[in-house]
Amino acid sequence: MALDAREAMERLNTEAAPLNIWLRTQANAAAQRPWFRETGLEASGRVASGRVGAAQLKPVAHHWRWRQIAPYLERIAEIAREAEVPPIEFAERQQFLLTNPGLGGRLQVTATMRCAVSIYNPGDVAPVHIHTPNASRTILSENGGYTTIEGERCTAARGDLILTPNGTWHDHGNDGADPVVWIDVLDFPLMEFLDCVWLDEEFPGATGGNARAQVATDDSGYSQRLYGKGGLVPGFVSHRRGFGRGTSPMFHYRGTEVRAALDGLRDEASDPYEGVTLRFVNPATGASVFPTLDYRAMLLRPGEETRFKRETASTLYQVIEGSGATEIAGGRIDWQKNDIFVVPGFGWRRHVNCGEADAVLYAISDMPLLEKIGQYRAQGRLPDDTVAELIS
Ligand SMILES: [Fe+2]
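Predicted model, so just to flag it, every value in this text is computed and none were measured.

Calculation rules
- Residues numbered from 1 in each chain as written.
- Predicted model: local features only at pLDDT ≥ 70, side-chain atom pairs only at ≥ 80, totals over all residues.
- Heavy atoms only, no water.
- Helix = DSSP H or I, 4+ residues; strand = E, 2+ residues; numbered from the N terminus.
- Buried < 20%, exposed > 50% of the residue type's maximum accessible area, 1.4 Å probe, protein only.
- Core = buried A, V, L, I, M, F, W, Y, C linked by side-chain atoms within 4.5 Å.
- Contact = heavy atoms within 4.5 Å.
- Donors = N, O, S within 2.8 Å, 3.2 Å for Na, K, Ca; no water.
- Arc of directions from axis to C-beta.
- Pairing = 2+ DSSP bridges.
- Axes fitted to C-alpha atoms, helices over the stretch in contact; angles between N-to-C directions.
- Expected span 1.5 Å × (residues − 1).
- Phe/Tyr/Trp six-rings, centres within 6.5 Å; stacked < 30°, edge-to-face > 60°.

Caption draft 1: Molecular detail of unusual backbone geometry. The backbone phi angle of E150 is positive, close to 50 degrees, even though this residue is not glycine. Turning to its location among the elements, E150 is positioned in the loop between strand 6 (143-149) and strand 7 (152-157). The exposure class assigned to E150 is partly exposed, which follows from its relative accessible area of 28%. Unusually for a residue other than glycine, H239 sits at a positive phi of about 65 degrees. Relative to the elements of secondary structure, H239 occurs in the loop between helix 6 (222-227) and strand 12 (252-253).

Written as structure tokens, this is what we have:
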């Protein structure tokens, strides 16, 4: 009788396991479908079974409804007010983190991104620190507290985007009378995967190490003063702030200015796949604000419907204004103000503003990372339903 090779190999595997080797008994199984050939609208790919798929995880499209998650902020704030030692002291933050149901409970929404929603009670301070992950916060409160970055004190308001790039000292707080809420986004999972996460809290203060907050050396407005005139970049500064490389020297983008800029473009011929968009960029280079993540603001005018598009990159959406729907291959997300949702890479999506008012979303994508490693691709569906490559 012929030998059953698979069985024989499995027996050897049991024997060889202590040596940390694996005798191959299974073919590779790609979690995505062939990009150029299988372009149907159905949801894409699946994780493998058996040894090959043992540690494989796959993010799924998911929607966090503000009306469901927001009450937990109030409850966190209430516990903090009544506690002897509030969560911000023992957990560093008062927040909940979003978890993607496809990622087995990991603190991440895509392969590269972490997202949290934080609340700061009046008087709360997150002490000054520095780390390797790049991070941002999108302010949801009308009065948005402050973040001091490399000495620049950014006083925030709703719709503002505040960056704390890799290698910048920063501290946060709420010096107002009401709680402050914002959304944090970080490329933490990517840095963790690459095993290059580190953090330092020993900021040199006036009397030695570990000051609680930086002394503000620049008032709120430094980012706007230096970089706030589109197309004009000062020639007398190095554009290097902190020790990160390829990160934006502009730390504070004001929501009111973003909104006004979108409005000023509302009558232009817009992108058929994305509506009217504006990228938040490194003003010194025009590149994405972080080497890993791209941020953009999108305006969908009343009644606007985009065409289906898909990318190898994953995107996190934050609903700043209005309501609408995003159709994702095999599903539909009906979103409202402050909702957060993710569309993983390879999935077809289209946006619809079914309301009578403007809709504004901030979209954060790991496209810059995929571009750098030669893996960024995008396709769009034309009105006759043929598929066009959007990246040559
Ligand atoms: Fe931080």
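Additional details are given in the paragraphs that follow.
Caption draft 2: Representation of the nonpolar core in the model. In this structure, V185, F280, Y295 and L316 are the most contacted members of the largest nonpolar core, which totals 42 residues. If we ignore the near neighbours within four places in the chain, the residues touching L316 are V109, M113, C115, V185, I340, F341, V342, Y362, A363 and I364. Counting residues in each nonpolar core, the second largest holds twelve residues, with L300, Y317, I333 and L361 among its members.

Caption draft 3: View of the coordination of the iron ion. Within the protein, H129 (NE2), H131 (NE2) and H170 (NE2) serve as the donor atoms for the iron ion, at 2.1 to 2.2 Å. Linear spacing of the donor residues for the iron ion on their chain is H-x1-H-x38-H. Using a relative accessible area of 5% as the deciding quantity, one classes H129 as buried. The exposure class assigned to H131 is buried, which follows from its relative accessible area of 10%.

Caption draft 4: Fine view of helix 7 (residues 255-264). Within the sequence span of helix 7, burial applies to G255, V258 and L262. Taken end-on, helix 7 shows its buried residues confined to a sector of 60 degrees, consistent with a single buried face. Opposite the packed face of helix 7, turned more than 90 degrees from it, sit the exposed residues T256, A260 and G264. In this fold, the buried residues of helix 7 make contact with strand 12, strand 13 (276-280), strand 14 (294-300) and strand 21 (359-365).

Caption draft 5: Quick look at the pairing of strand 22 (residues 378-381). Burial along strand 22 is two-sided: A378 and G380 and Q379 and R381, pointing in opposite directions, are all buried. Note that strand 15 (residues 309-311) and strand 22 share three bridges and pair antiparallel. Bridge pairing in strand 22 links E311 to A378. By the bridge criterion, three bridges tie strand 22 to strand 23 (residues 387-389) in an arrangement that is antiparallel.

Caption draft 6: Geometry of the sheet that holds strand 13. Ordered in space as 1-19-16-21-14-13, the six strands form an open sheet in which the pairing is antiparallel. Edge positions in the sheet fall to strand 1 (62-64) and strand 13, since each of these pairs with one other strand and no more. Strand-to-strand, the axes of this sheet are offset by a mean angle of 20 degrees, without reference to chain direction. As judged from the five bridges shared by strand 13 and strand 14, these two strands associate in the antiparallel manner. Of the residues in strand 14, the one forming a bridge with R279 is R296.

Caption draft 7: Region of interest: the environment of M191. Residue placement: M191 occurs in helix 5 (residues 188-193). M191 sits 35 residues away from L226 along the chain, and the two C-alpha atoms are 30 Å apart.

Caption draft 8: Representation of helix 3 (residues 71-82). A rise of 1.5 Å per residue sets the reference length of helix 3, with its twelve residues, at 16 Å; its end C-alpha atoms lie 17 Å apart and thus fit the reference within 8%. Looking only at helix 3, the buried set comprises L73, I76, A77 and A80. All buried residues of helix 3 project into a common sector of 100 degrees when viewed along the axis, lining one side. The exposed residues of helix 3 that point more than 90 degrees off its buried face are R75, I79 and E82. Looking at the packing, one finds that the buried side of helix 3 touches helix 2 (66-69), helix 4 (87-90), strand 2 (95-97), strand 3 (114-120) and strand 10 (180-186).

Caption draft 9: Highlighting the environment of R51. Among the secondary structure elements, R51 is positioned in the loop between helix 1 (5-16) and strand 1. When neighbours within four sequence positions are excluded, R51 is seen to be in contact with W22 and Q26.

Caption draft 10: A look at the pairing of strand 4 (residues 125-131). With respect to burial, strand 4 is a largely interior element, six of its seven residues being buried. Where strand 4 and strand 9 (residues 170-173) come together, three bridges link them in antiparallel fashion. Paired with H129 across the bridge in strand 9 is H170. Inspection of the sheet shows strand 4 paired to strand 11 (residues 199-200) by two bridges, in the antiparallel sense. If you follow H131 over to strand 11, its bridge partner there is L199.

Caption draft 11: The arrangement of the sheet that holds strand 12 in detail. If you trace the six strands from one edge of the open sheet to the other, you get 2-3-10-5-8-12, paired in antiparallel fashion. Unpaired on one side and paired on the other, strand 2 and strand 12 mark the two borders of the sheet. Sheet topology places strand 5 (residues 135-139) next to strand 10; five bridges connect them, and they run antiparallel. Counterpart to T138 in the pairing with strand 10 is I183. Those strands touched by helix 3 are strand 2, strand 3 and strand 10, and its axis lies near 50 degrees from that of strand 3.

Caption draft 12: Highlighting the packing of aromatic side chains. In this structure the tally under the stated criterion is nine aromatic pairs. Taking the centre distance of 4.8 Å and the plane angle of 15 degrees together, the rings of Y317 and F341 count as stacked. With a gap of 24 residues between them, Y317 in strand 16 (residues 315-321) and F341 in strand 19 (residues 340-343) connect regions that are remote in the sequence. Grouping residues by exposure puts Y317 and F341 together as buried. The interplanar angle of 10 degrees and the centroid separation of 6.3 Å between the aromatic rings of W335 and F341 together place this pair among those described as stacked. Residue W335 shares its accessibility class with F341, and that shared class is buried. Clustering of aromatic rings is evident, with ring pairs tying together Y253, F280 and Y362.

Any functional reading would require information beyond the geometric quantities listed.
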